[in-house]
Amino acid sequence: MIRRVLLLSGNLNVYGVSHYMRILGRGLRDRGVRVCVAAFGTGGTYGREWFEREDFTVRQIPSGLPSYRQLWNPIAVRRAFGTLRLINAMVDELAPDVVHANSGQMAGLFRMCNTLRRRPIPLVSCIHGDSGEAGKLRLGRLANCVLPDAYGSQSIAISSEMVDFLTHTVGISPSRVRLVRSAIDDTFFRPPTAEERAVARARLGLPADAWVVCLIGQYVHRKGHDILVDAAALLRDRGQRIHVVCAGEHHNAVQYRAELLQRARERGVEDQLTLLGHSDPREILWASDVGALPSRQEGFGLVVAEGMSCGVVQVRTPAAGARDTTIDGDTGFIVPFDDPTALADRIGALIADPVLFQRMRERSITFARERFSAERMVEEVLRVYEEAVA
């Protein structure tokens, strides 16, 4: 029986990973499992206080690991071994039955810790995205060749596409990979009432009759904000006006937003663009008609499932998660990468056909409730834990 679980992360202030751990941890806690969370960075919006409100134990991992370029520096290596010993002391204190590492880096880190332990602790890994520096991916693949369990006895893939990434790119044996689709907080993300929708629009300063398209995600190039701005300009030229609302965080957000505003200004749609920082995602979804995710890379696209549960029709690229969230033409639309014309075509079709929009909206809600429940994900992850322990 699983009594204690340690969830590892590099940084708690990452929306998708933090929400995954919180939803999972909440479900484990409700089943009598003690949940501990540890990370290098525990500050920020989704940091220590956010997790402690769920009665999770939170620990900050001392920094001291060498970068990939410092692996041959004896001082850096000595410091790294000191860090490993401190982590093992923390693990001894928390006494988890299973360690669940939520990145390749954290899986490798704890795998090294296990080599110093008299009695290794079962390790399960979960990589949440298919992006990363090529050098890190090569090093990770090499580590997996040398140590077949470098990523743990089992690796959780949060989407069907991530199964392919883990087996083909990272090199993890298919026998070790388990598909457990990400879940959403299905008690929080739900369709709004007419009053809740009106209040959400008023708070965001949006006209009651506007067609609102949202993009919730980090202000980084791979999310495709530029494609959505170009699509808004194409729709305007066709006589279909939309209002675009973007929200997210990133250390480079100020510069990135300035570049987006400049792009919108050049295309004549600056007055149709609202760029927010960290915001309540449900309020933005409640104010929106369509959710756009023209991402160049994803691990799952959690905001797509959250939007579907709120009745927001999704238009997204075939990045990871698409096979699990979107039946093209039924629960949403899939458009090619870097194609603002295709994005504009699909959004325009929804604007022009209210019957189509309402049908896809209702299908999205039903599909999200059936496939992305938190209870289902927690039960499936628990089975992976029990397999790792056995």
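Our structure's up above, just so we're on the same page.
Residues numbered from 1 in each chain as written. Predicted model: local features only at pLDDT ≥ 70, side-chain atom pairs only at ≥ 80, totals over all residues. Heavy atoms only, no water.

Engineer: Lay out the packing of helix α8 (residues 225-237) against helix α13 (residues 340-352) in plain terms, naming residues and giving numbers.
Structural biologist: Taken N-terminus to C-terminus, the directions of α8 and α13 make an angle of 60 degrees; their axes are 8 Å apart at the nearest point. With respect to their mutual orientation, α8 and α13 come out oblique. As for how α8 packs across α13, the hand of that crossing is right-handed. Along the contact surface, α8 presents Ile-227, Leu-228, Asp-230, Ala-231, Leu-234 and Leu-235, while α13 presents Pro-340, Thr-341, Leu-343, Ala-344, Ile-347 and Gly-348. The residue inventory of the contact of α8 with α13, partitioned by class, reads nine nonpolar, two polar and one charged. (Axes fitted to C-alpha atoms, helices over the stretch in contact; angles between N-to-C directions. Helix = DSSP H or I, 4+ residues; strand = E, 2+ residues; numbered from the N terminus. Parallel < 35°, antiparallel > 145°, perpendicular 65-115°, else oblique. Left-handed = near helix turned anticlockwise from the far one by under 90°. Contact = heavy atoms within 4.5 Å. Nonpolar A, V, L, I, M, F, W, Y, C, P; charged D, E, K, R; others polar.)

Engineer: With reference to specific residues and values, describe the side chain of Glu-54.
Structural biologist: One can find Glu-54 in the loop between α2 (48-52) and β3 (57-60). Here Arg-29 takes part through its side chain, which lies 2.8 Å from a polar atom of the side chain of Glu-54. (Polar contact = N/O pair within 3.5 Å; in protein donor to acceptor, adjacent residues only side chain to side chain.)

Engineer: Got a sec to walk through the sheet that holds strand β6 (residues 154-157)? Specific residues and values, please.
Structural biologist: Read from one edge to the other, the open sheet built from seven strands follows the order β3-β2-β1-β4-β5-β6-β7, with strand pairing classed as parallel. Looking at the sheet topology across the chains shown, the edges are occupied by β3 and β7 (177-179). The average angle at which neighbouring strand axes cross in this sheet is 25 degrees, direction not considered. Of the strand pairs in this sheet, strand β1 (residues 4-11) and strand β2 (residues 34-41) are connected by seven bridges, and their pairing is parallel. Its bridge partner lying in β2, Val-5 is registered against Val-35. (Pairing = 2+ DSSP bridges.)

Engineer: Could you give an account of the nonpolar core, with specific residues and numbers?
Structural biologist: Grouped together as the largest cluster of nonpolar side chains are 90 residues, with contacts concentrated most on Leu-6, Leu-8, Tyr-20, Leu-24, Leu-28, Val-37 and Tyr-385. The element best represented in this core is helix α15 (residues 374-389), accounting for eight residues. Contact partners of Leu-24, with chain neighbours within four places excluded, come to Leu-7, His-100, Met-377, Val-378, Val-381 and Tyr-385. Ranked by size, the runner-up nonpolar core spans 35 residues in total, among them Val-290, Ala-292, Val-315 and Val-335. (Core = buried A, V, L, I, M, F, W, Y, C linked by side-chain atoms within 4.5 Å. Buried < 20%, exposed > 50% of the residue type's maximum accessible area, 1.4 Å probe, protein only.)

Engineer: Describe the pattern of salt bridges, with residues and values.
Structural biologist: Evaluation of the coordinates by the stated rule reveals 30 salt bridges. A salt bridge links Asp-289 to Arg-197, with the shortest nitrogen-to-oxygen separation between them at 2.7 Å. Of the two residues, Asp-289 sits in the loop between α10 (281-286) and β11 (290-293) while Arg-197 sits in helix α7 (residues 194-204), which places them 92 residues apart along the sequence. Salt bridges linked by common partners bring Arg-22, Arg-26, Arg-29, Asp-30, Glu-54 and Asp-185 together as one network. (Salt bridge = Lys/Arg side-chain N within 4 Å of Asp/Glu carboxyl O.)

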